[in-house]
Amino acid sequence: MLNHRVRIVSGRFKGHRLKLIDQKRLRPTSDRVRETLFNWIGSNITGMRVLDLFAGSGALGFEALSRGAPKVTFIEKQAKIAAQIKDTCHRLDLSAQEAEVICRNCVPWLKQDDQIWDLVFVDPPFADSNLYAKVLVELQTRVSNLGLIYLEHSKRTPINTHPYTVWKEATVGEVKFSLLSLDSSTSN
């Protein structure tokens, strides 16, 4: 177990610390980035169908639940990490109607999934930049008309976001993060 932990920034689980499994590719989204992201989204999170791909610590999904999302589906291919997310769900007393944890590889799972999502978190390991294009292609028919995709990547690796519109973006340290939409009317 790593010594450092990630905390929930706001909402009903504010201050709760998430345990992290010691995995060298696990890079939780920082408190500062999550706070900025959820300030961008605002109160729109209530009622959103949320998908947390490459869930890792689950910080993004748990933050969404804390701020009022009715349900989050976490997709994580590493069994030990998925088990840690399930443990956190149990510790937060979340029901299966609020949190679903699926231990699968994201791209094949997306090819089989037929749900429409309102908010999707895409935060794969930075070293595998090919995953971004694969996931963004699959999401073109999986996001609602006003849906948003959160994308986090190394600022050193440009990501082709076509045909999405970049709604908001920022850089904190080595991390670049964006909110994307297929609906160009939401762009600034």
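Above this text sits the structure in question.
Rules used throughout
Residues numbered from 1 in each chain as written. Predicted model: local features only at pLDDT ≥ 70, side-chain atom pairs only at ≥ 80, totals over all residues. Heavy atoms only, no water. Salt bridge = Lys/Arg side-chain N within 4 Å of Asp/Glu carboxyl O. Phe/Tyr/Trp six-rings, centres within 6.5 Å; stacked < 30°, edge-to-face > 60°. Helix = DSSP H or I, 4+ residues; strand = E, 2+ residues; numbered from the N terminus. Buried < 20%, exposed > 50% of the residue type's maximum accessible area, 1.4 Å probe, protein only. Lys NZ or Arg CZ within 6 Å of the ring centre and 35° of its normal. Pairing = 2+ DSSP bridges. Axes fitted to C-alpha atoms, helices over the stretch in contact; angles between N-to-C directions. Contact = heavy atoms within 4.5 Å. Parallel < 35°, antiparallel > 145°, perpendicular 65-115°, else oblique. Left-handed = near helix turned anticlockwise from the far one by under 90°. Nonpolar A, V, L, I, M, F, W, Y, C, P; charged D, E, K, R; others polar. Polar contact = N/O pair within 3.5 Å; in protein donor to acceptor, adjacent residues only side chain to side chain.

Participant: Please provide a residue-by-residue account of the pattern of salt bridges, values included.
Facilitator: Opposite charge on two side chains makes pairing possible when the charged atoms of those side chains draw close. Enumeration according to the criterion identifies 13 salt bridges in this entry. Residues Glu63 and Arg67 are paired through a salt bridge, measuring 2.9 Å at the closest nitrogen-oxygen approach. Via salt bridges that share partners, Arg7, Asp31, Arg34, Glu63 and Arg67 belong to a single interconnected network.

Participant: Describe in detail the packing of aromatic side chains, supporting the description with residues and values.
Facilitator: Evaluated as defined, the whole model comprises six aromatic pairs. Summarising the aromatic geometry, the rings of Trp40 and Phe177 are spaced 5.3 Å apart at their centres and angled 25 degrees between planes, so their arrangement reads as stacked. With Trp40 in helix 1 (residues 31-41) and Phe177 in strand 9 (residues 175-181), the pair connects residues that are 137 residues apart, well separated along the chain. When sorted by exposure, Trp40 lands in the same class as Phe177, which is buried. Seen from the ring of Trp167, Lys168 lies directly overhead, with NZ or CZ sitting 6.0 Å from the centre.

Participant: Please give an account of the sheet that holds strand 3 (residues 49-53) that cites residues and values.
Facilitator: With mixed pairing, seven strands are arranged side by side in an open sheet as 5-4-3-6-7-9-8. The open sheet has two edge strands with one neighbour each: strand 5 (99-102) and strand 8 (165-172). Here the average twist between neighbouring strands, direction ignored, is 15 degrees. In this sheet, strand 4 (residues 71-75) lies alongside strand 3 in parallel orientation, the contact comprising four bridges. Residue pairing across strands places Leu51 opposite Thr73, the latter belonging to strand 4. Together, strand 4 and strand 5 form the strand contacts of helix 3 (residues 79-91), whose direction differs from that of strand 5 by roughly 165 degrees. Sitting on the sheet, helix 5 (residues 130-139) touches strand 3, strand 6 (117-122), strand 7 (143-154) and strand 9, and the angle it makes with strand 7 is about 175 degrees.

Participant: An account of the packing of helix 1 against helix 2 (residues 59-66) is requested, with residue identities and associated values reported.
Facilitator: At a closest axis distance of 11 Å, the pairing of helix 1 and helix 2 adopts a crossing angle of 45 degrees. Taken together, the axes of helix 1 and helix 2 lie oblique to each other. Crossing handedness for the pair helix 1 and helix 2: right-handed. Of helix 2, the residues touching helix 1 (which contributes Arg34, Leu37 and Phe38) are Ala59, Leu60, Glu63 and Ala64. Tallied by class, the residues present in the contact of helix 1 with helix 2 amount to five nonpolar, no polar and two charged.

Participant: Can you lay out the side chain of Ser144 for me, pointing to particular residues and giving the numbers?
Facilitator: Relative to the assigned elements, Ser144 resides in strand 7. Within the structure, Ser144 has its side chain in polar contact with the side chain of Asp118 (distance 2.8 Å).

Participant: Run through helix 2, naming residues and quoting values.
Facilitator: Each turn of an α-helix holds 3.6 residues, which means side chains three or four residues apart point in the same direction. In terms of residue burial, helix 2 counts as a mostly covered element, since eight of its eight residues are buried. Among the residues making up helix 2, those that are buried are Ala59, Leu60, Gly61, Phe62, Glu63, Ala64, Leu65 and Ser66. Trailing helix 2 by a residue or two, Gly68 shows a phi angle of about 120 degrees, which is positive.

Participant: Can you explain the environment of Ser66? Please cite residues and give values.
Facilitator: For Ser66, the position within the fold is in helix 2. The buried category is assigned to Ser66, whose relative accessible area is 5%. Sequence separation of Ser66 and Asp128 is 62 residues, and the distance between their C-alpha atoms is 30 Å. Within the local environment of Ser66, its side chain forms a polar contact with the backbone nitrogen of Phe13, the two atoms lying 2.9 Å apart.

Bear in mind that shape data such as this cannot, by itself, settle questions of function.
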